[in-house]
Amino acid sequence: MYNKDAKKDWLVAAVTAGIGAGVPAYIAVLQGQNPLIALAITGFAVILALVIDHYW
């Protein structure tokens, strides 16, 4: 049922994190947040997802 030797897909992890963090960041920008902060938050989420996907 669970294959520990399964190949990890870094692209799926990056896209999922980007969408997951990008949507709330987009809404925050619409409400007046600085777009650079929103991009930084989204980028951090993507990097963190890739690190977790690699080592988990």
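Sequence order as written defines the numbering, with residues in each chain counted from 1. Side-chain atom pairs in this predicted model are given and counted only at pLDDT of 80 or more, local residue features only at pLDDT of at least 70, and totals for whole chains, interfaces and linings cover all residues. Note that the side-chain values use all heavy atoms of the structure and ignore hydrogens as well as water.

### Side note on helix α1 (residues 10–30)
What sets the pattern is the α-helix's 3.6 residues per turn: residues three or four places apart point alike.
Stage number 1. For α1, with 21 residues, the first-to-last C-alpha span of 30 Å sits near the 30 Å given by 1.5 Å per residue.
Stage number 2. Two axes define the bend at a residue: one fitted to the seven residues ending there, one fitted to the seven starting there, and the bend is the angle between them. Only DSSP runs of H or I reaching four residues or more are called helices, and only runs of E reaching two or more are called strands; each is numbered from the N terminus. Where α1 bends most, at G22, the angle is about 30°, and the proline P24 comes one to four residues later.
Stage number 3. Partly exposed describes any residue whose relative accessible area lies between the buried limit of under 20% and the exposed limit of over 50%, with all areas from a 1.4 Å probe on protein chains only and scaled to the type maximum. Three or more residues of α1 are buried, namely A13, A14, A17, G18, A21, A25 and A28.
Stage number 4. Here, residues are in contact when the closest pair of their heavy atoms is within 4.5 Å. Considering only its buried residues, α1 is in contact with α2 (35–55). Here a helix's expected span is defined as the number of its residues, less one, multiplied by 1.5 Å.

### Some thoughts on the environment of G18
Stage number 1. For G18, the position within the fold is in helix α1.
Stage number 2. A residue is classified by how much of its surface remains accessible, and G18, at 19% relative accessible area, is buried.
Stage number 3. Separated by 23 residues in the primary sequence, G18 and I41 place their C-alpha atoms 9.6 Å from one another.
Stage number 4. Setting aside anything within four residues of it in sequence, one finds G18 in contact with T42 and V46.

Read these as geometric descriptors, not functional statements.
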